[in-house]
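# Structural overview
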Amino acid sequence: MTPLSSYEALPAKTAQTQAEDAIRNLAWFRYNLRKFLRFSEKAARQCGVTPQQHQLMLGVAGYTGRGTATVSELAEFLQERHNSVVGLVERAAQRGLVRKEHDSQDRRFVLVSLTPQGEQTLARLTELHKEEVKAAREALMKVPKVPAQVLEVKKRAV
């Protein structure tokens, strides 16, 4: 007799329940992630920058630990194409949020750093995000459950 995998050994109901739990976990995770992202997008706009510019400033200030980043590093951080990031950096530089300079050892690389205005804007956004990050962390760590507002909608529908 050959041993069955733990998944095959489970009764059908348990396997189905596990699949439903996995879907619920993913849905809950995506819901909370999207809530945080929506908050962050709104906060960026309230501070006079686009959500993409906010992400760019975060990448410049924090991704490498150097306080500067190359366009290639920013493309990785933002999960965007190099050419798209070049345009984003150029627009942010025109707005006075970042500055660009060629690497002194290899002029093919452009180093991006924050300007004082960029530092001030990022500090303001970081302050706005503190409580929301805490709430998102707590929500993402909880066992998923049906949110109260969903239960209220169900009660009214009955």
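This text follows the structure it describes.
Values in this document were obtained by computation on a predicted structure and should not be read as measured data. (Residues numbered from 1 in each chain as written. Predicted model: local features only at pLDDT ≥ 70, side-chain atom pairs only at ≥ 80, totals over all residues. Heavy atoms only, no water.)

### Details of the sheet that holds strand 2 (residues 98-102)
Formally: Whether two strands pair comes down to DSSP finding at least two bridges between them. Where helices and strands are cited, they refer to DSSP runs of H or I of at least four residues and of E of at least two residues respectively, numbered from the N terminus. Fitting a line to C-alpha atoms yields each axis, with helices limited to the stretch in contact; the angle taken between N-to-C directions then spans 0 to 180 degrees. Should any heavy atoms of two residues lie within 4.5 Å, those residues are considered in contact.
Spatially, three strands are ordered 1-3-2 in an open sheet, and the strand pairing comes out antiparallel. Edge positions in the sheet fall to strand 1 (68-70) and strand 2, since each of these pairs with one other strand and no more. Neighbour-to-neighbour, the strand axes of this sheet turn through a mean angle of 30°, independent of strand direction. In terms of strand pairing, strand 2 meets strand 3 (residues 110-114) through five bridges, oriented antiparallel. Residue pairing across strands places Val 98 opposite Leu 114, the latter belonging to strand 3. This element, helix 3 (residues 51-63), spans strand 1, strand 2 and strand 3 of the sheet and lies at about 105° to strand 3. Helix 4 (residues 71-78) rests against strand 1 and strand 3 of the sheet, and its axis sits at about 90° to strand 1.

### A word on the nonpolar core
Stated formally: Buried residues of nine kinds, namely Ala, Val, Leu, Ile, Met, Phe, Trp, Tyr and Cys, make up a nonpolar core once their side-chain atoms join them within 4.5 Å. Only protein chains enter the calculation, and the probe is 1.4 Å; a residue is then buried if its accessible area is under 20% of its type maximum, exposed if over 50%, and partly exposed in between.
Leu 56, Leu 74 and Val 98 are the most contacted members of the largest nonpolar core, which has 22 residues in total. Elements supplying a minimum of two residues to this core: helix 2 (12-46), helix 3, helix 4, helix 5 (82-94), strand 3 and helix 6 (116-141). Leave out the neighbours within four places in its chain, and Leu 74 touches Leu 56, Gly 59, Val 60, Ala 69, Val 85, Val 89 and Val 112.

### Overview of the pattern of salt bridges
Definition in use: A carboxyl oxygen of Asp or Glu within 4 Å of a side-chain nitrogen of Lys or Arg is what we treat as a salt bridge.
The full count for this structure, using the stated rule, is seven salt bridges. For the salt bridge of Arg 38 with Glu 41, the shortest nitrogen-to-oxygen distance reads 3.5 Å. Residue Arg 38 and its partner Glu 41 are located together in helix 2, separated by three residues, close to a single helical turn. Notably, a salt bridge pairs Arg 108 with Asp 106, separated by 2.6 Å at the nearest N-O pair. On the basis of relative accessible area, Arg 108 is assigned to the exposed category, the value being 71%. Asp 106 sits in the partly exposed class, given a relative accessible area of 21%. Each of the salt bridges in this network shares a partner with another, and the network as a whole consists of Arg 34, Arg 38 and Glu 41.

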